[in-house]
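Here's the letter readout for the chains.
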Amino acid sequence: STAESDGKPGLDQDGMISTVKAMRAAGFDYHVISPTGGNLCSALPQSSTAQRDVRTRNIEMLLSSTKALSEVKTAWYAAIFLIGGSTAMGDFKNNKELRELVGRHYDQNLVILGVCEGVIGLLQVVDSQNKPIVKSRRVVVQLSPGNEDSKIKEQLESLLKQKGASIVTENKDWITDR
């Protein structure tokens, strides 16, 4: 589901914009991919045309024509970035197509990143020995701005621990804009 839940944006818009800016600055091509593809602008909070700022128009442009997971071929991408936001909890959890795509990337030793709630897309992925890919990994659980629901954070931490991940409060080796 890509609609808002409880009046909160369905995805981490700031995270998406900063990621796209970094990819563009580094000269990378990218695609916004969603479970079903198509126009996902309904995930954005609605505002009058007069209130739409440049940031909102940029997000709308990114979400207006997403590719469906079923269309994605592993060979097309050097990395996968799983964006956070409240809908990641439903869209990514137990998503067979996402699990298979991330698994293929993992098997080929390609870059996989889950940020904020997006880490839920990593939980069902296993390696060739059927071991969870998050096992023995250090993970920082941070929710998207505006999503301060401690139950969601506790749920993510619990699920990650069940799969063998180590929860840490911060990792100074990571580069982040937050």
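Here we summarise the structure given alongside this text. (Residues numbered from 1 in each chain as written. Predicted model: local features only at pLDDT ≥ 70, side-chain atom pairs only at ≥ 80, totals over all residues. Heavy atoms only, no water.)

Quick word on the overall build of the protein chain
Then comes step 1: Tallying secondary structure elements over the protein chain gives five helices and six strands in all.
Then comes step 2: Ordered by position from the N terminus, the helices and strands of the protein chain form the series α-β-α-β-β-α-α-β-β-α-β.
Then comes step 3: Taking the intrachain contacts of the protein chain between residues at least 6 apart in sequence as the baseline, contacts between residues at least 24 apart amount to 78%.
Then comes step 4: Summing over all exposed atoms, the protein chain offers an accessible surface of approximately 10,500 Å²; the carbon and sulfur share of this is 49%. (Helix = DSSP H or I, 4+ residues; strand = E, 2+ residues; numbered from the N terminus. Contact = heavy atoms within 4.5 Å. Areas by Shrake-Rupley, 256 points an atom, 1.4 Å probe, with all protein chains shown as cover.)

Here's the deal with the pairing of strand E3 (residues 79-82)
Then comes step 1: Side chains Ile80 and Leu82 of E3 all project onto a buried face; the interleaved residues Ala79 and Phe81 project onto a face where none is buried.
Then comes step 2: Judged from the four bridges that link them, E3 and strand E4 (residues 111-114) form a sheet pairing that is parallel. Paired with Ile80 across the two strands is Ile112, which belongs to E4. (Buried < 20%, exposed > 50% of the residue type's maximum accessible area, 1.4 Å probe, protein only. Pairing = 2+ DSSP bridges.)

A few points about the nonpolar core
Then comes step 1: Core analysis: the largest hydrophobic core is formed by 24 residues, its most contacted members being Val102, Val134, Leu156 and Leu160.
Then comes step 2: Contributions of two or more residues to this core are made by E3, helix H3 (88-91), helix H4 (96-107) and helix H5 (150-162).
Then comes step 3: Leaving out residues up to four positions away in the same chain, Val134 has contacts with Leu122, Leu123, Leu160, Lys163, Gly164 and Ala165.
Then comes step 4: Ranked by size, the runner-up nonpolar core spans eight residues in total, among them Met16, Leu62, Leu63 and Ile83. (Core = buried A, V, L, I, M, F, W, Y, C linked by side-chain atoms within 4.5 Å.)

Comments concerning empty space enclosed by the protein
Then comes step 1: Under the counting rule described, the total for this entry stands at one cavity of 30 Å³ or more.
Then comes step 2: Residue lining of the largest cavity: Phe92, Asn94, Asn95, Leu98, Arg99, Ile120, Gly121, Gln124 and Val125, and that is the complete set.
Then comes step 3: Of the residues belonging to the lining of the largest cavity, the class tally is four nonpolar, four polar and one charged. (1 Å grid on protein atoms, 1.4 Å probe; cavity = no way out; pocket = protein on both sides within 12 Å on 5 of 7 lines; lining within 4 Å. Points joined across faces, edges and corners; volume = space filled by probe spheres on them. Nonpolar A, V, L, I, M, F, W, Y, C, P; charged D, E, K, R; others polar.)

Some points on unusual backbone geometry
Then comes step 1: Here the phi dihedral of Asn130 falls at roughly 65 degrees; this positive angle occurs in a residue that is not glycine.
Then comes step 2: Residue position: Asn130 is located in the loop between E4 and strand E5 (138-140).
Then comes step 3: A positive phi angle, near 65 degrees, is found at Ser136, a position not held by glycine.
Then comes step 4: Considering the arrangement of structural elements, one finds Ser136 in the loop between E4 and E5.

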